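Spelled out from the first residue to the last, the chains are:
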Amino acid sequence: MKKTVLTGDRPTGRLHLGHYVGSIQNRIKLQDEADAAFYMIADVQALTDNAENPEKVRENVLEVALDNLACGLDPKKTTFFIQSQVPQIAELTVFFLNLVTVARLEQNPTVKAEMAQKGFVMSDSENTEIRKSLQYVVANEKIRNVPAGFLAYPISQSADILFCKGNIVPVGEDQKPVIEQCNEIVDTFNRLYGETFERVKHLVGDTPRLVGTDGNAKMSKSLGNCIYLSDSKDTIAQKVQSMYTDPNHIRVEDPGQVEGNVVFTYLDVFDTDKDGVAELKKQYQAGGLGDVVLKRRLTEVLEGMIAPIRARREELAKNPEAIMKILEAGTEQARRVGEQTMNEVRKALHIQYF
Ligand code: TRP
């Protein structure tokens, strides 16, 4: 079986530690093992909830490319491309739209969570007003103001993956329902039109979901609890300083809690000196280890990891034209691959006319 890796990011902001452990580390490892590897900048998907904000999406195309390059994704091994510039993806999306019901999209847990988070579901009061004015009486009827394109993004994401016959997708845990959706499309397509696509494997990193600096279950830009891969040493120190520890650990000599203590959660993920961490935990639980010392350790660990990424990023950022050249060459390659797939798809769909 040919291993084709496809992954991507929405260009809506710089990438953070959650992206790194959830997906980027896997991307880097896989680019050496795979027969082909693609990295997509998902600008079309970013526009599904930023339709009024195209400048923001445009500005972040370079940022996410820089983040991935700085981490070690290598354009010699991985084809970097921009989603909007590969028309075959849009074309494939149109055909996939016929294979999925609206009800199925509405049940997708990822989409549901994002709709609520982004305010696409009307507030209760708004909802009632509109119901009254329209005299809606159907129980549990939901009036949504979600853009159709946003609701359908799992379909478009399936086309992102399948246009190049991708079968391994390293991406965060929150994307699981989207990958399931993709596999349903594969099954339906193959059943209706003959074996064309392979089922897709979702690959999640060792830390599928990194907690935010505030202890929230997810590190997320909108929650303002992120440490970015481009943060300065001072910013890292300041963010670690503000981290949630054990509210009852007031004096140094007090025994402290390790469970739920964000500093320890991060040390478990990022500190390679596991014995050292075990020793710190022991001391902390017994009392006598202060938060200041503990946080200093984490700051060192994170700075040690981020410093080389930040340095490479700054170097690469000096020459944005070179990055755009990488994206342009990769996009051309992606179009060629996409055209091969579309020829097969058009045949399968009986729409090869001329
Ligand atoms: N939805 C992904 C995210 O928000 C980004 C993405 C778009 C993607 N298309 C993809 C990831 C295809 C993997 C495969 O992180």
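Definitions and cut-offs
- Every residue gets a number counted from 1 within its own chain, in the order that chain's sequence is written.
- For this predicted model, a pLDDT threshold of at least 70 governs which residues receive local features, and a threshold of 80 or more governs which side-chain atom pairs are given and counted, while totals over whole chains, interfaces and linings are taken from all residues.
- The basis for the side-chain values is all heavy atoms of the structure; hydrogens and waters are excluded.
- Proximity criterion: a residue is near a molecule or strand once any of its heavy atoms comes within 4 Å of it.
- Counted as a polar contact is a pair of N or O atoms within 3.5 Å, where, for protein atoms, one must be capable of donating a hydrogen and the other of accepting one, and residues adjacent in sequence contribute only when both atoms are in side chains.
- For the area figures, the Shrake-Rupley method with a 1.4 Å probe applies, and any residue is considered shielded solely by the protein chains shown.
- Using a 1 Å grid laid over the protein atoms alone, points where a 1.4 Å probe fits but cannot get out form a cavity; open sets with protein on both sides within 12 Å along at least 5 of 7 lines form a pocket; any residue with an atom within 4 Å of a point counts as lining.
- A pocket or cavity is taken to hold a molecule when more than half of that molecule's atoms are within 2 Å of the pocket's grid points.
- Elements are defined by DSSP. Helices are runs of H or I of four residues or more, strands are runs of E of two residues or more, and each kind is numbered from the N terminus.
- Side-chain classes are defined by residue name, with Ala, Val, Leu, Ile, Met, Phe, Trp, Tyr, Cys and Pro counting as nonpolar, Asp, Glu, Lys and Arg as charged, and the others, Gly among them, as polar.
- Grid points are joined across faces, edges and corners, and a volume is the space filled by probe spheres set on the points.
- One less than the number of residues in a helix, times 1.5 Å, gives the span that helix is expected to have.
- Each residue is assigned a bend, namely the angle between axes fitted to the seven residues that terminate at it and the seven residues that start at it.
- Only protein chains enter the accessibility calculation, which uses a 1.4 Å probe. A residue is then buried if its area is under 20% of the maximum for its type, exposed if over 50%, and partly exposed in between.
- Whether two strands pair depends on DSSP finding at least two bridges between them.
- Nine residue types can take part in a nonpolar core, namely buried Ala, Val, Leu, Ile, Met, Phe, Trp, Tyr and Cys, and a core is a set of them joined through side-chain atoms within 4.5 Å.
- Boundaries of every domain are those given by an automatic assignment or by a domain database.
- Any two residues whose heavy atoms approach within 4.5 Å are treated as being in contact.

(A) Representation of the site of the ligand within the structure. Taken together, 13 residues are adjacent to the ligand, and M40, Q45, Q157, D160 and Q175 come closest. Q45 has a polar side-chain atom sitting 2.7 Å from a nitrogen atom of the ligand. Computed on the free molecule, the ligand has an accessible area of 370 Å², of which 91% lies beneath the protein chains in the complex. A majority-of-atoms criterion places the ligand in the largest pocket. Mapped by element, the contributors of at least two residues to the shell around the ligand are strand 1 (4-9) and helix 9 (153-162). Tallied by class, the residues present in the shell around the ligand amount to six nonpolar, five polar and two charged.

(B) Up close: the layout of surface pockets. Taken as a whole, the largest pocket encloses approximately 1,100 Å³ of empty space. Forming the walls of the largest pocket are 43 residues, and the residues nearest its centre are R10, H19, E114, D174 and K218. Residue assignment for the lining of the largest pocket shows that the elements contributing at least two residues are strand 1, helix 1 (17-33), helix 6 (109-117) and helix 9. Here the lining of the largest pocket takes five residues from helix 1, the largest share from any one element.

(C) Representation of helix 3 (residues 54-71) within the structure. The terminal C-alpha atoms of helix 3 lie 26 Å apart, and with 18 residues this matches the ideal 26 Å at 1.5 Å per residue to within 8%. The sharpest bend along helix 3 reaches about 30° and sits at N60. Listed in full, the buried residues belonging to helix 3 are V57, N60, V61, E63, V64, A65, L66, D67, N68, L69, A70 and C71. One or two residues past the end of helix 3 sits G72, with phi positive at roughly 120°.

(D) Region of interest: the pairing of strand 1. The element strand 1 is largely enclosed, with a buried count of five among its six residues. Relative to strand 2 (residues 36-41), strand 1 is paired through six bridges, and the arrangement is parallel. Of the residues in strand 2, the one forming a bridge with D9 is I41.

(E) Inspection of the nonpolar core at higher detail. If you look at the biggest cluster of nonpolar residues, it comprises 47 residues, and the most contacted ones within it are L17, Y266, L267, F270 and L302. Counting residues domain by domain, this core receives three or more from each of domain 1 (4-100 + 152-211 + 320-348) and domain 2 (233-314). Once residues lying within four places of it in the same chain are set aside, the contact partners of L267 are K274, V277, L280, L294, R297, L298 and V301. In this structure, V86, V171, A334 and L349 belong to the second largest nonpolar core, which totals 42 residues.

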